[in-house]
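Architecture at a glance
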Amino acid sequence: MEILDVKNLSFTYPKASFPVLSNISLSVKEGEFVAICGATGSGKSTLLRLLKPELSPLGDVSGNVSFCGKPVSECSSASDIGFVMQDPEHQIVTDKVWHELSFGLENMGLPQSSIARRTAEMACYFGIEDKFDKNISELSGGQKQLINLASVMVTEPNLLILDEPTAQLDPITASDFINTVKKLNRELSLTVIIAEHRLEEIIPVCDRLIIIDGGRIIESGAPKDVISQIYDKQEIMCAMPAAARISALLGEKNCALTVREGRELIRSYKNDKKAEQTTISRKTEEKAVLEFKDVYFRYERSLPDVLRGLSFKVYESEIFCILGGNGSGKTTTLGIASGIMKQYAGSVLIFGKKIKDYKNQSLYNECIALLPQDIQTVFLRNTVLEELYNADVDISSLPFDLSPHLDKHPYDLSGGEQQLVALAKVLALKPKILLLDEPTKGLDAASKLRIMSLMRDLTASGMTIVTVTHDVEFAAGIADRCALFFRGEIVSDAPPQEFFSANSFYTTAASRITRGHFENAVTAESVAELCKLNGKRSSDV
Amino acid sequence: MRGFAELNPAVLMIYYLCVIGTAMFSMNPVIITLSLFGSLVSLIVLEKKAHIKLHLSFLLLFLILAVINPIWYHNGVTVLFVVNDSPITLEALLYGIFAAAMIIGILYRLRTFTLIMTADKLLYIFGRLSPKMSLILSMALRYVPLMRTQTLKVRRTQKALGIYRGDNIADTLKGEMRIFSIMATWSLENGIITADSMAARGYGEHRRTSFSLFHFSKGDLIFLILCIIPTALIIWALAAGEADFTFYPAMSGINSSPLALTCYISYGFLSFLPVLLEWKEELRWKYLMSKI
């Protein structure tokens, strides 16, 4: 049965000269899991919002959307279509978990007893019973997003729409979240439409993949077929799972989607020739620009240590990547390196000088700068132009182009654009050491690649970059050295090839695909290169 | 186990109105003494820890309040001694002591009130009055800490970016002004997302109901009766003037008519009611434990 039917939908924002969506036709069957992907600005969000009347943007609409056989605007209740947005924090309305879960039911005017039953049921299903009477502010980002999902599901919608729900989550929580959505789809036959940047987990579980580009559906169908049609579209392919990217680079007709299929694919290639091992030859006399010596830190006297005897060195013009789970102390480390927080024991040396000897804010004067995780906190002005002007940025000398955005409010930019404006602001301070906290959070694959090439250019000109990230693919692609953080100290530290091939679980998908077949291949590109170098096994030809 | 804190918030509210209301309108030394010790013991039992600092500060306040009256007020027939031609009288001294005891007793009672009536309980009571009001309060309770942490984050970011790098007051003030202004923008921006999320979940579609985790049980009813009956007796005795006590010019004796005695017993019961309930629950718990 067709649950949603979109016919020739076009949409133009007021005052815009061209439509964001043109001639979209799409029908979704009950119980289908549909993933929509496309670059930022391709019109994904607009399409999703047009499917939910309460959130439809104002503008010029033509064509029609029907839901369960009726026009969607005549849909009986808001609770028939559930909608989860990107930012876990700001969709939350109330202060307590139980109140958030009951919010939708209160709006429906249900009596106490049925609200009590339904919220209890939902809390059990999502495994959040122990959080039921907690304050929402005590929860982590992933838990908050789960509450958002639960509080939408509590009204028993027939269709669930998710607009980049995992963009603000770390990869492990994100994959848990996707699995919960998949479980809802499988166990309740709930129809799901999801737009995502991070496709590694989504693609293997979805029934249908829709690619939107420039406001049009360019491909739609089973993920395998769709991906093999767009091998040559670089800007879309870069977001695909590693196995798919390897298939694309090798020009395989039968596209691999999961790690398992990827392994089967590369097994058909010989493995005689090895990758060249890159080693970092470090002269012993080379001086560290940033050094932590036995640093201990805790937030409050009565709380446990966050950093326990942390020691590491960062050398000039390298990219040092710190990886690790939530709450392992990564962000705290950057806070201490930038002098915002103070350790209670141990010392931090910047260019051989202790932080506390940098008097009068001289630490921030052409020396060190920190870009935080929450990039919005960087902006203080109403337009990008004002923002840059007040930070003494020379717009013409920037390594990237911000001219289309100068009149916009910084909050109106996409995640990738915000990151660039923030970087412009930081670069004007001419720091020698740049600290980046999760620079790829909320970015689409294309913006991620842009940030990576920018980081390389910066280190080539002598800057040292220390970055904290959850994103293993990013770390594998960019780092000179990677360090694994665990319980407040660094447990291993090595160049990415060595680092990721030594790890079996905490590693890139490409490395999991090649385990035991090729050594030291941690990115899709290097795997494809090795495959080409070795050639196919003769028996398979 | 359902102790004092787990009672229905509306019942708790009625209890506090009764116990504080009656204590405020009587200067009878018996009632004041019962009120002071009742609230003190309640606090100790309910909080389960000794607040030495709090008790010391209340003691200091007690002494100050008790001493002020005889120094300024010289009415009364029994002169104890004379300072600078002003007589210090026994009546004024005792009046000071009991007035101070009444205030401290009420302060202790309010202290237990803040301990017991957490934000969500007050929310429940206001929610009974209007579902909209309860939603607004709940949103405010979420929003205020959220804004505070965001402000802190912005301040830290700006520090690490060295934007306001001068160490002088003018620069700091200018920086704070900018942060304040961007926080206003941030609030509006997030307000829009929250409003979207509310609309998406059907806010304003029907008449709202207000859900809460509290319910009214038999225990609540019993507590309510145990609270209302003594209060009625106290009010009767107070209205009849049976529990009156005057300090000036000479102290009247403490009335010991049957109604007055009923009133004292009733007040004592009311004042120690939380303690009695906690003890009862504890005994019951011990008994139940013995069966495990």
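Predicted, not measured: the structure shown is a model, and the values here were computed from it.

Within chain B one finds 9 helices and 2 strands. Of the regular secondary structure in chain B, the N- to C-terminal order runs α-α-α-β-β-α-α-α-α-α-α. The C-alpha radius of gyration computed for chain B amounts to 27 Å, which surpasses the reference 19 Å derived for 292 residues by more than 25%, pointing to a less compact arrangement than a globule. The principal-axis extent of the C-alpha atoms belonging to chain B is close to 75 × 60 × 40 Å. Intrachain contacts of chain B at a sequence separation of at least 6 include 76% that bridge at least 24 residues.

We now examine the interface of chain A and chain B. Facing 64 residues of chain A, the contacting portion of chain B comprises 48 residues. Here chain A and chain B share an interface that buries about 5200 Å² over both sides, 56% of which is from carbon and sulfur atoms. Per-residue buried area on chain A facing chain B is highest for A:H90, A:N107 and A:L380; these three make up 15% of the total on that side. On the surface where chain A and chain B come into contact, there are 5 salt bridges. Linking chain A to chain B there are 25 residue pairs in polar contact (both at pLDDT 80 or more). Within the residue set of the side of chain A that touches chain B, elements represented by two or more residues are helix 2 (97–107), helix 3 (112–125), helix 4 (141–153), strand 16 (368–371) and helix 13 (415–427) of chain A. It is helix 2 of chain A that contributes the most residues to the side of chain A that touches chain B, 9 residues altogether.

This paragraph deals with the packing of aromatic side chains. Summed over all chains, the structure comprises 22 aromatic pairs over all chains. Aromatic ring contacts, followed pair by pair, group B:Y73, B:Y95, B:F98, B:F245, B:F247 and B:Y248 into a single cluster. It is A:K353 that lies over the ring of A:Y358; its NZ or CZ is 4.6 Å from the centre.

This brings us to the packing of helix 5 (residues 119–129) of chain B against helix 6 (residues 131–160) of chain B. Residues and elements named next belong to chain B. Running from N to C, helix 5 and helix 6 point in directions that differ by 155°, and their axes come no closer than 7 Å. The orientation of helix 5 relative to helix 6 falls into the category roughly antiparallel. Where helix 5 approaches helix 6, its residues A119, L123, F126 and G127 are matched on the opposing element by P131, M133, S134, L137, S138 and L141. For the contact of helix 5 with helix 6, the class distribution of residues is 7 nonpolar, 3 polar and no charged.

Another point: the domain arrangement of chain A. All names here are of chain A. Domain assignment breaks chain A into domain 1 (2–88 + 158–240) and domain 2 (288–494). Each of domain 1 and domain 2 has a C-alpha centre, and the two are 34 Å apart. In this complex, domain 1 contributes 11 residues to the contact, which on the side of domain 2 involves 12 residues. For the pair domain 1 and domain 2, the summed buried surface comes to about 870 Å²; carbon and sulfur atoms form 61% of the total. Our count for the domain 1 to domain 2 interface comes out at 0 salt bridges. At the junction of domain 1 with domain 2, the criterion picks out 0 residue pairs in polar contact (both at pLDDT 80 or more).

What counts and what doesn't
Residues numbered from 1 in each chain as written. Chains lettered and ligands numbered in written order. Predicted model: local features only at pLDDT ≥ 70, side-chain atom pairs only at ≥ 80, totals over all residues. Heavy atoms only, no water. Helix = DSSP H or I, 4+ residues; strand = E, 2+ residues; numbered from the N terminus. Rg over C-alpha atoms; globule rule 2.2 N^0.38 Å. Contact = heavy atoms within 4.5 Å. Buried area = accessible area lost by both parts, 1.4 Å probe. Salt bridge = Lys/Arg side-chain N within 4 Å of Asp/Glu carboxyl O. Polar contact = N/O pair within 3.5 Å; in protein donor to acceptor, adjacent residues only side chain to side chain. Phe/Tyr/Trp six-rings, centres within 6.5 Å; stacked < 30°, edge-to-face > 60°. Lys NZ or Arg CZ within 6 Å of the ring centre and 35° of its normal. Axes fitted to C-alpha atoms, helices over the stretch in contact; angles between N-to-C directions. Parallel < 35°, antiparallel > 145°, perpendicular 65-115°, else oblique. Nonpolar A, V, L, I, M, F, W, Y, C, P; charged D, E, K, R; others polar. Domains from an automatic or database assignment.

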